[in-house]
Amino acid sequence: MTADAHQDRPGRTELGRVLMSAGVLTSDWAPAFAAVPRAAFLPDLIWPFDMASGQSVPVSRTREPELWHAYADADVPVVTQWDDGAHSGTRPGDVSTSSASMPSVVFSMFRDLDVRPGHRALEIGTGTGWNAALLAHRLGDDRVVSVEVDAAVAGGARDALARFGYRPQLVCADGYLGHPATAPYDRVIATCGLRSIPFAWVEQCRPGALIVAPWGTHFTHGDAVARLVVAEDGRSASGRFTGPVEFMKLRDQRLPVFAHADYVPQGVGEGDETSTAVTEGELLGGRFDPREFALGLRVRDCALVVAEKREGARPVWFYGLADRSWACVQFRDAGPARVWQAGPRRLWDEVREALAWWDGVGRPGFDRFGLTVCGSGEVVWLDAPDGVVRSAPRP
């Protein structure tokens, strides 16, 4: 299928209308959206996220061309690689490791990026190559550098870009290091989730440059988009979060692998038991709720795991990532929740205190939080840079 055929599909027209009406696709990006279809950068076998089932489903362009194009033109994320390429077959693998993001997320981040003619842009995480093509359409091939750590993914993106007639500089390397050879940059955008933004990106920027990157903690898989402005002296970058997203993580910053049995080999009975008046709704605000982001800021080195609800009961687990501390809160449809916790830290106590803090400062949303990155580390703040919520030295 030709590029023109991709562009003429009615699903793309409708998607563009929806994105424009939502204010996500701005007028300066509309020509790039119209010229560069996501479908041209997707492989024959994809695993789009089906909103109805809540699962990633395999779809083959050869066997189901209409369904394939419907997903390609829909505002859904599409997995294109599992298990760092070790996966084979059509069934989903264990861990999704490369994808094409939701178009609404792509263009909301581009809106934050505020690219202008003449800018030089660095992208971290090439993926399918669609983002790089959109940037190249706006700025020109010679002003876009995209870095991808996975050689197979980089090769696929390079082929797709060439087929479509774009040739930005594509580098197969560790994006954590940026790409100093073609610095300085006016804009840096990351398409992977970060748990620490490398100072190398700041160092490779001009004063006043923008860095747009998903950032979060290991408390959950969720991220928030940080929009940072590089200081005039180049020694820091600072700015607010613009909203929630969820991205595959930079490979060196993935959640450390841990096993439940390593924490609770004999069951919850080995922990200290209490109860709590905190309800499930007060703790878990739903997908992309800012309270989980806030809890992750206050409860360091901790991972949250929410189990499925069975027979009116839902266990919620907290695992310490620096030791073997753990806590479990079992919510029921009726009555107070039971709590068990063990280890050097009292994780439930920490979570409860963090929840009370969030409530006490007015239940702030993402846009009240900000991030400052400098050579010595990072600081997350509330309302202003002096309102420090969390600080961390550079690893």
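For the structure itself, consult the block above.
First, a word on what this report is: a plain description of the structure on this page. Nothing here was measured: the structure is a model prediction, and the numbers come from that model.

Another point: the pattern of salt bridges. Enumeration according to the criterion identifies 20 salt bridges in this entry. Where Glu14 meets Arg17, a salt bridge forms, and the shortest distance between an N and an O atom there is 2.6 Å. With Glu14 and Arg17 both in helix α2 (residues 10–21) and three residues apart, this pair spans about one turn of that helix. Accessibility expressed as a relative area gives 39% for Glu14, which makes it partly exposed. Residue Asp84 pairs with Arg251 through a salt bridge whose shortest N-O separation is 3.4 Å. Of this pair, Asp84 sits in the loop between β4 (78–82) and β5 (96–100) while Arg251 sits in the loop between β12 (236–245) and α9 (260–263); the two residues are 167 residues apart in sequence, bridging distant segments of the chain.

Moving on to the packing of aromatic side chains. In this structure the tally under the stated criterion is 20 aromatic pairs. Between the aromatic rings of Phe107 and Phe110, the centroid separation amounts to 6.0 Å while the plane-to-plane angle is 75°, which identifies the pairing as edge-to-face. Pair noted here: Phe107 and Phe110 are both in helix α5 (residues 103–113), with a separation of three residues, about one helical turn. Each member of the pair, Phe107 as well as Phe110, is classed as buried. Taken together, the ring pairs connect Trp29, Phe33, Phe107, Phe110 and Trp130 into an aromatic cluster. Over the aromatic face of Phe33 sits the side chain of Arg12, whose NZ or CZ is 4.8 Å from the ring centroid. Arg298 extends its terminal NZ or CZ atom over the ring of Trp357, reaching a point 4.4 Å from the ring centre.

The next subject is empty space enclosed by the protein. Enumeration over the complete set of coordinates arrives at one cavity of 30 Å³ or more. Of the voids in this model, the largest cavity is the one considered here, and its volume is about 50 Å³. Together, Arg12, Leu15, Phe33, Arg38, Ala72, Asp73, Pro103 and Trp130 line the largest cavity. For the lining of the largest cavity, a count of residues per class yields five nonpolar, no polar and three charged.

Once that is clear, we can look at the sheet that holds strand β14 (residues 302–306). Pairing in this open sheet of five strands is antiparallel, and the strands run β13-β17-β16-β15-β14 from one edge to the other. Among the strands making up the open sheet, the edge pair consists of β13 (272–276) and β14. Neighbour-to-neighbour, the strand axes of this sheet turn through a mean angle of 20°, independent of strand direction. Those strands touched by helix α12 (residues 347–360) are β13, β14, β15 (313–320), β16 (326–332) and β17 (337–342), and its axis lies near 100° from that of β15.

Before going further, it helps to spend a moment on the sheet that holds strand β10 (residues 205–215). Taken together, the ten strands give an open sheet; going across it, the order is β8-β7-β6-β9-β10-β11-β12-β18-β19-β20, and neighbouring strands pair in mixed fashion. Each end of this open sheet is capped by a strand with a single partner; those strands are β8 (169–172) and β20 (388–393). Strand-to-strand twist across the sheet, computed as the mean angle between neighbouring axes with direction ignored, equals 15°. Strand contacts of helix α11 (residues 290–298): β10, β11 (223–230), β12, β18 (369–374), β19 (377–382) and β20, with the helix running at about 55° to β20, the strand carrying the most contacts.

Let's shift gears to helix α7 (residues 151–164). In a regular helix each residue adds 1.5 Å, so 14 residues correspond to 20 Å; α7 covers 20 Å between its end C-alpha atoms and thus fits that length. By the burial criterion, the buried members of α7 are Val153, Ala154, Ala157, Ala160, Leu161 and Phe164. Buried residues of α7, viewed axially, fall in a sector of 130°; they line one side. Along α7, the residues that are exposed and aim more than 90 degrees away from the buried face are Ala151, Ala152 and Arg163. Two to three positions downstream of the cap, the backbone nitrogen of Ala152 sits 2.9 Å from a side-chain oxygen, assigning the N-cap of α7 to Asp150. Backbone geometry just downstream of α7 places Gly165 in the positive-phi region, at approximately 95°.

What counts as what
Residues numbered from 1 in each chain as written. Predicted model: local features only at pLDDT ≥ 70, side-chain atom pairs only at ≥ 80, totals over all residues. Heavy atoms only, no water. Salt bridge = Lys/Arg side-chain N within 4 Å of Asp/Glu carboxyl O. Helix = DSSP H or I, 4+ residues; strand = E, 2+ residues; numbered from the N terminus. Buried < 20%, exposed > 50% of the residue type's maximum accessible area, 1.4 Å probe, protein only. Phe/Tyr/Trp six-rings, centres within 6.5 Å; stacked < 30°, edge-to-face > 60°. Lys NZ or Arg CZ within 6 Å of the ring centre and 35° of its normal. 1 Å grid on protein atoms, 1.4 Å probe; cavity = no way out; pocket = protein on both sides within 12 Å on 5 of 7 lines; lining within 4 Å. Points joined across faces, edges and corners; volume = space filled by probe spheres on them. Nonpolar A, V, L, I, M, F, W, Y, C, P; charged D, E, K, R; others polar. Pairing = 2+ DSSP bridges. Axes fitted to C-alpha atoms, helices over the stretch in contact; angles between N-to-C directions. Contact = heavy atoms within 4.5 Å. Expected span 1.5 Å × (residues − 1). Arc of directions from axis to C-beta. Polar contact = N/O pair within 3.5 Å; in protein donor to acceptor, adjacent residues only side chain to side chain.

The analysis is restricted to geometry; functional conclusions fall outside its scope.
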